[in-house]
Amino acid sequence: MVHHTSTIRIPEKITKGINVYPGDSPCNYIEASNGVFIDDYTNIGPNVGIISSNHNLIDNSKQDEAPPIYIGKFCWIGMNAVILPGVQLGDFTIVGAGAIVSRNFPEGYCVIAGNPAQIINYLDKNECEQFAKTKYDR
């Protein structure tokens, strides 16, 4: 289900896991021309932008190739965050409200925030994995 105020461009290039509903929060914008993968149990807050390609710097009628965006399991993307082309977020990555994510955080188990996003806190990996195992039998 996509919220009536959200926009999803090229939805066929979005791969989503279990209990993931991209665009179900108000005012999301997901551009998936280079591909977007959102893994299990990830939540996306309101007004989030997930942008898989940039316009070419010389010819802005073209879009540049980039690796797909990958967002791991049990992630939480806060309101007004923007995830830029090619970004990879590991499992249990929390993206703070308003963050601009322009680089990878593949190890996950962290809280990132700011512009550009940086790690501001770490999560206990064992506690996260126990939560996933007991709550979701994973």
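What counts, and at which threshold
- Residues numbered from 1 in each chain as written.
- Predicted model: local features only at pLDDT ≥ 70, side-chain atom pairs only at ≥ 80, totals over all residues.
- Heavy atoms only, no water.
- Pairing = 2+ DSSP bridges.
- Helix = DSSP H or I, 4+ residues; strand = E, 2+ residues; numbered from the N terminus.
- Buried < 20%, exposed > 50% of the residue type's maximum accessible area, 1.4 Å probe, protein only.
- Contact = heavy atoms within 4.5 Å.

*Asks:* So what exactly am I meant to see when it comes to the sheet that holds strand 3 (residues 29-31) here?
*Replies:* Hydrogen bonds between backbone atoms are what pair the strands of a sheet, whose relative direction is either parallel or antiparallel. If you trace the 5 strands from one edge of the open sheet to the other, you get 1-3-6-9-12, paired in parallel fashion. Of all strands in the sheet, those with a lone pairing partner are strand 1 (7-9) and strand 12 (100-101), marking the two edges. Across 2 bridges, the pairing between strand 9 (residues 82-83) and strand 12 is parallel. Looking across to strand 12, one finds that Ile-83 is bridged to Val-101.

*Asks:* Would you mind showing me how to read the sheet that holds strand 7 (residues 69-71) here?
*Replies:* On the basis of which strands lie adjacent, the open sheet formed by 4 strands has the order 2-4-7-10 and parallel pairing. At either end of the open sheet lies a strand with only one pairing partner, and these are strand 2 (14-16) and strand 10 (88-89). In this structure, strand 2 lies alongside strand 4 (residues 36-38), joined through 3 bridges in parallel fashion. Each bridged residue has a counterpart across the sheet, and for Thr-15 the counterpart in strand 4 is Phe-37.

*Asks:* Explanation requested: the environment of Ile-69 in the structure shown.
*Replies:* On the secondary structure map, Ile-69 appears in strand 7. The exposure class assigned to Ile-69 is buried, which follows from its relative accessible area of 1%. Sequence separation between Ile-69 and Ile-119 is 50 residues; the distance between their C-alpha atoms is 19 Å. What Ile-69 contacts, discounting residues up to four positions off in sequence, is Gly-35, Val-36, Phe-37, Ile-50, Ile-51, Ser-52, Ile-83, Leu-84, Pro-85, Gly-86 and Val-87.

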